[in-house]
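# Summary of structural features
The residues making up each chain are set out below.
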Amino acid sequence: MKKSILAILIVSIFGIISCQNISGQTKKPSASRPKSKPAAEWKKVLTANQYHIMVESGTEPPYKNDYYDNHQKGVYVSAATGDVLFSSADKFDSGTGWPSFVKAVDAGKIEVVTDNSYGMSRDEVIEKSTGLHLGHVFDDGPADRGGKRFCMNSGALKFVKK
């Protein structure tokens, strides 16, 4: 019983770390990413949760976010700009508790930068036009759909039903 609990705990920790964290795009250090507006201006237009995730590079809890279990057809737009970023056609159940996609609708709308926070190196996904944090991308997505897992924060997105 103790071994089962320990195994579950270890798997959970790795899941959380992995989403706290290549689309073939050039990776840049996240410290150099420009923000299109000063943080004070984003604070006026984003909710507290959106601000924490997008400006402060926060991460929402797994399974306690709006879109991890959303199976409706539509698109996911940036909470900051309204630009279409992801489609329900590219969404899959990764089992991590965050909404996961195999690709962005338009790779030119996002950028992958190096994130060296928490003592590890990960590939962070930011909205290219704003420099705001969306989530991370990993190489453990469905192999038959490109192998990528864009692990996004629901708080950085808004869903538009079709």
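Residues numbered from 1 in each chain as written. Predicted model: local features only at pLDDT ≥ 70, side-chain atom pairs only at ≥ 80, totals over all residues. Heavy atoms only, no water.

This part covers the packing of aromatic side chains. Under the criterion given, the structure shown has seven aromatic pairs. Between Tyr-76 and Phe-159, the aromatic rings sit 4.9 Å apart at their centres with planes inclined by 55°, giving tilted as the arrangement. Taken as a pair, Tyr-76 in strand S2 (residues 74-78) and Phe-159 in strand S10 (residues 157-161) lie far apart in primary sequence, 83 residues in all. When the ring of Phe-86 is compared with that of Phe-150, the centres are 6.1 Å apart and the planes differ by 50°; the resulting orientation is tilted. Pair noted here: Phe-86 is in strand S3 (residues 84-87) and Phe-150 is in strand S9 (residues 149-152), with a separation of 64 residues, a long-range link. Like Phe-150, Phe-86 is buried. The side chain of Lys-37 reaches across the aromatic face of Trp-42, ending 4.6 Å from its centre. (Phe/Tyr/Trp six-rings, centres within 6.5 Å; stacked < 30°, edge-to-face > 60°. Helix = DSSP H or I, 4+ residues; strand = E, 2+ residues; numbered from the N terminus. Buried < 20%, exposed > 50% of the residue type's maximum accessible area, 1.4 Å probe, protein only. Lys NZ or Arg CZ within 6 Å of the ring centre and 35° of its normal.)

With that settled, the discussion passes to the nonpolar core. Across soluble globular proteins, you tend to see nonpolar side chains buried next to one another. Counting residues in hydrophobic clusters, the biggest one holds 24 residues, and the most contacted among them are Met-54, Phe-86, Leu-134, Phe-150, Met-152 and Leu-157. At the level of secondary structure, the elements contributing two or more residues to this core comprise helix H3 (48-54), S3, strand S6 (110-115), strand S8 (133-138), S9 and S10. With three residues, the single largest contributor to this core is H3. When near neighbours in sequence (up to four residues on either side) are disregarded, Leu-157 contacts Tyr-67, Tyr-76, Val-77, Ala-79, Leu-85, Phe-86, Phe-101 and Met-152. (Core = buried A, V, L, I, M, F, W, Y, C linked by side-chain atoms within 4.5 Å. Contact = heavy atoms within 4.5 Å.)

Enumeration over the complete set of coordinates arrives at four salt bridges. Asp-83 is the salt-bridge partner of Lys-109, the closest N and O atoms lying 4.0 Å from each other. Of this pair, Lys-109 sits in the loop between strand S5 (100-101) and S6 while Asp-83 sits in the loop between S2 and S3; the two residues are 26 residues apart in sequence, bridging distant segments of the chain. On the basis of relative accessible area, Lys-109 is assigned to the partly exposed category, the value being 30%. Residue Asp-83 is classed as partly exposed on the basis of its relative accessible area, which comes to 25%. (Salt bridge = Lys/Arg side-chain N within 4 Å of Asp/Glu carboxyl O.)

By themselves these figures say nothing about function.
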